[in-house]
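Per-entry structural report
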Amino acid sequence: MSTTIFAATMANDNKKFQAIISHCKEYGYIFPSSEIYDGLSAVYDYGEWGSELKKNIKDYWWKSMTQMHENIVGIDAAIFMHPTTWKASGHVDNFSDPMIDNKDSKKRYRVDHLIENFAEELEEKGESDRAKKLLEEMDRLLAASDYEGLKQLIEQNKIKCSVSGTAHWTDIRQFNLMFSTQLGSVTEEANEIYLRPETAQGIFVNFLNVQKTSRLKIPFGIAQVGKAFRNEIVARQFIFRMREFEQMEMQYFIRPGTQKEWYAFWKAERMKWHQSLGIGPEKFRFHDHVKLAHYADAACDIEYEFPIGFKEVEGIHSRTDFDLRNHQQYSKKKMQYFDSEINQNYIPYVIETSIGLDRTVLMVLSEAYREEDLSTADKQDSRVVLAIPPRLAPIKLAILPLVKKDGLPEIARQIMDQCKPWFRCFYEEKDTIGKRYRRMDAIGTPFCVTVDQQSKEDGTVTIRYRDSMQQDRIEISRIKEIVEKQIF
Ligand code: ATP
C-alpha cells in the first residue's frame, strides 16, 4: 500500500487554505458568525471541536507561562476599562493604520498589505530583486511616516486595485482601529468607552495590585488570555485577521538597562514554545521591525509559514517604561518599584510576548491538515487527516464497538466510563468501522479502540493509531495509560 502525502506538494497552496476552511466548517471546527443571516465579515464562531482545540492551546500556553515559570502569575481583567487608559497607552492618538482607497471600486486597502501583495506577485514572476527593493523602500517610508512617498511608490510601481483593475488612488489617510461604545443608559450622561484593542493594558493598570499581593520581585511577569477587538479595515484570510479575536499576552517587568538580555531571552523562549507544538524550525522565522510601534525600543514577530505564506503569529516587544510611565502621569499614581538589591526606586521596563490564540489555532490546523492517497493496485482510496499533536487534539480517544449487539456496546460503555473522567472520549456505534475511522481521522482523534468478539473472550481491544494507521492488540486495562502517556 502506498501512503503518499500530497498536502506538501499540492499544486496551489491557496487551494490548501480553502480546503482547510471548508474542512473546518464540515467537521465542527469553525463556522462563519451568524451564518443564517449570511455571516458577519471577519467574525467567526468556534464549533464543538474548534472550541476544544482552542481551549487546549490556551491551557498549554497558560501552563507553560505560569506553572512552568515560578515568577509569572496570571490575571483576568475586564474588557471594559476606564477610557483614560487608552489615552495614556497612546491608542487614542496612535492606534491607526495608513489606508488608501481606490476611487473606482471604493475598496480600501492597508498600504503595507497592498504593497506586500504586489511584492508577492513580483516574486511569483521571478522578479525577486525588484520585490526586495520595493519592500525595503516601503519599510523606510513607513518608518518615516512618509505618506506622500508611499503614495508615489504605489503609483511608480503601477500597483492596481484587484477589484477595479485601475490605479486611481486617493491620498493615504490614517484610520483608528478601536471600537467605541457607550457605558450606562443613554438617558444618563453617556460615557464613551472602548472595546480593548489589546489585553496588555489590563496588566499594566493592575501592576501595583499584583506586585503588592503576589509579593513577586523583579524580574517577574503577569500573563493574561482574553478577547481583543480591532476594526480591521482589511478583514480577510479567515481567522487570521478578525475583528474580534483572542490574545495570550505576558508582560515581563524588569530592571531598566536589562531590556536587551531579556528581549533576547524571550525571543528564544517563545521560539522554543512554538517548536514544542511539533512544528519544524524551518516553518518559522523572525521578522525584526524597522518601523517601531509608538511604545517600543525593539520589536520582532515570530512568523509561521501558513499556506498563504510566512505571516505573524506572535509579537515580542521591548516596551521600555512607556506604559507604566504614562499611566503614572495620567492617573497620578506612582508606578514605582523598590529594588532592594540595588536600593533604588524605578519604573520597571517591560518585555512583552503577545500571541494570537486564533492565529495559533490556524497554525496548528495548517500544520495538521493532510490529504493522503492510500490507493493500492486494485483499489482507489484516500483520506483527509488532521494530525494534531495528541495533547492538543479535541478528542483523545474514540471507543467503537464493532457491531451494535452481542454485548459489545456494553464493554465499550465500560471503557468509556473508565476513561472519560481523565480525558475527552467519544463513543460511536453507527456506520462501518472504516467509515468511523475516517471520521475520527478528519476530526484529528489520535487513538481509536475497537471492541470486537475477541474482547469478550480475553479482555483485549484493537487500538488504532491515527497517523500511522497501525493497529495493535492491547488489554483493556492498559488503554488509559497508553493514551495518557501521549497527552501530557
Ligand atoms: P498585524 O500586523 O497582523 O495586524 P499586529 O502587529 O497589529 O498584527 P499585535 O498588535 O502585535 O499585532 O498583536 C499581537 C498578536 O495578536 C499578533 O501577533 C496576532 O497573532 C494577534 N492579532 C492581532 N490582530 C489580530 C486580528 N485582527 N485577528 C487575529 N489575531 C490578531
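Scroll up for the structure.
Residues numbered from 1 in each chain as written. Predicted model: local features only at pLDDT ≥ 70, side-chain atom pairs only at ≥ 80, totals over all residues. Heavy atoms only, no water.

Let us now look at the site of the ligand. Looking at the ligand, there are 16 residues lining it, with Glu-232, Arg-241, Met-242, Glu-312 and Val-313 nearest. One of the side-chain nitrogen or oxygen atoms of Arg-241 is found 2.8 Å away from an oxygen atom of the ligand. Contact distances for the ligand include 3.0 Å between an oxygen atom and a backbone N or O atom of Gly-356. Across the complex, the protein chains shield 87% of the 590 Å² of accessible surface that the ligand would expose by itself. For the shell around the ligand, the secondary structure elements donating two or more residues are strand E11 (244-254), strand E14 (309-320) and strand E17 (349-356). (Near = heavy atom within 4 Å. Polar contact = N/O pair within 3.5 Å; in protein donor to acceptor, adjacent residues only side chain to side chain. Areas by Shrake-Rupley, 256 points an atom, 1.4 Å probe, with all protein chains shown as cover. Helix = DSSP H or I, 4+ residues; strand = E, 2+ residues; numbered from the N terminus.)

What follows covers the pattern of salt bridges. Going through the model one piece at a time under the given rule, you end up with 40 salt bridges. A salt bridge links Arg-424 to Glu-52; the shortest N-O distance between them is 3.2 Å. Taken together, the residues Arg-424 in the loop between helix H13 (408-419) and strand E21 (425-427) and Glu-52 in helix H2 (residues 48-67) connect sequence positions 372 residues apart. Put simply, Arg-466 and Asp-467 hold a salt bridge, and the shortest N to O gap is 2.6 Å. Residue Arg-466 is classed as buried on the basis of its relative accessible area, which comes to 2%. What makes Asp-467 partly exposed here is its relative accessible area of 45%. In this structure, a network of salt bridges that share partners links the residues Lys-54, Lys-58, Glu-246 and Asp-358. (Salt bridge = Lys/Arg side-chain N within 4 Å of Asp/Glu carboxyl O. Buried < 20%, exposed > 50% of the residue type's maximum accessible area, 1.4 Å probe, protein only.)

This part takes up the side chain of Lys-54. As for its position among the elements, Lys-54 is in helix H2. A distance of 2.8 Å separates a polar atom in the side chain of Lys-54 from a polar atom in the side chain of Glu-246. Not counting residues within four places of it along the chain, the set of residues in contact with Lys-54 comprises Tyr-46, Glu-246, Leu-357, Asp-358 and Val-361. (Contact = heavy atoms within 4.5 Å.)

With that settled, the discussion passes to the sheet that holds strand E4 (residues 72-74). A sheet is described by the order of its strands in space; here 7 strands give the open sequence E4-E10-E11-E17-E14-E13-E12, paired in mixed fashion. This sheet does not close on itself; its edge strands, each paired only once, are E4 and strand E12 (284-288). Taking the axes of each pair of neighbouring strands and ignoring which way they run, one obtains an average angle of 25° across the sheet. Sheet analysis places strand E10 (residues 220-229) next to E11, joined by 10 bridges and oriented antiparallel. Across the sheet, the residue bridging to Gly-221 is Tyr-252, located in E11. (Pairing = 2+ DSSP bridges. Axes fitted to C-alpha atoms, helices over the stretch in contact; angles between N-to-C directions.)

Those residues of helix H11 (residues 322-331) lying buried are Phe-322, Asp-323, Leu-324, Asn-326 and His-327. Trailing H11 by a residue or two, Lys-332 shows a phi angle of about 65°, which is positive.

As a volume, the second largest pocket reaches approximately 600 Å³. Asp-59, Tyr-60, Lys-63, Arg-391 and Ile-487 are, among the 25 residues lining the second largest pocket, the residues nearest its centre. Contributing elements (two or more residues each) for the lining of the second largest pocket: H2 and helix H10 (259-275). Examining the composition of the lining of the second largest pocket, we find that 8 residues originate from one element, H2, more than from any other. A per-class count over the lining of the second largest pocket returns 11 nonpolar, 4 polar and 10 charged. Taken together, domain 1 (4-81 + 178-367) and domain 3 (395-487) each give at least three residues to the lining of the second largest pocket, which thus spans both. (1 Å grid on protein atoms, 1.4 Å probe; cavity = no way out; pocket = protein on both sides within 12 Å on 5 of 7 lines; lining within 4 Å. Points joined across faces, edges and corners; volume = space filled by probe spheres on them. Nonpolar A, V, L, I, M, F, W, Y, C, P; charged D, E, K, R; others polar. Domains from an automatic or database assignment.)

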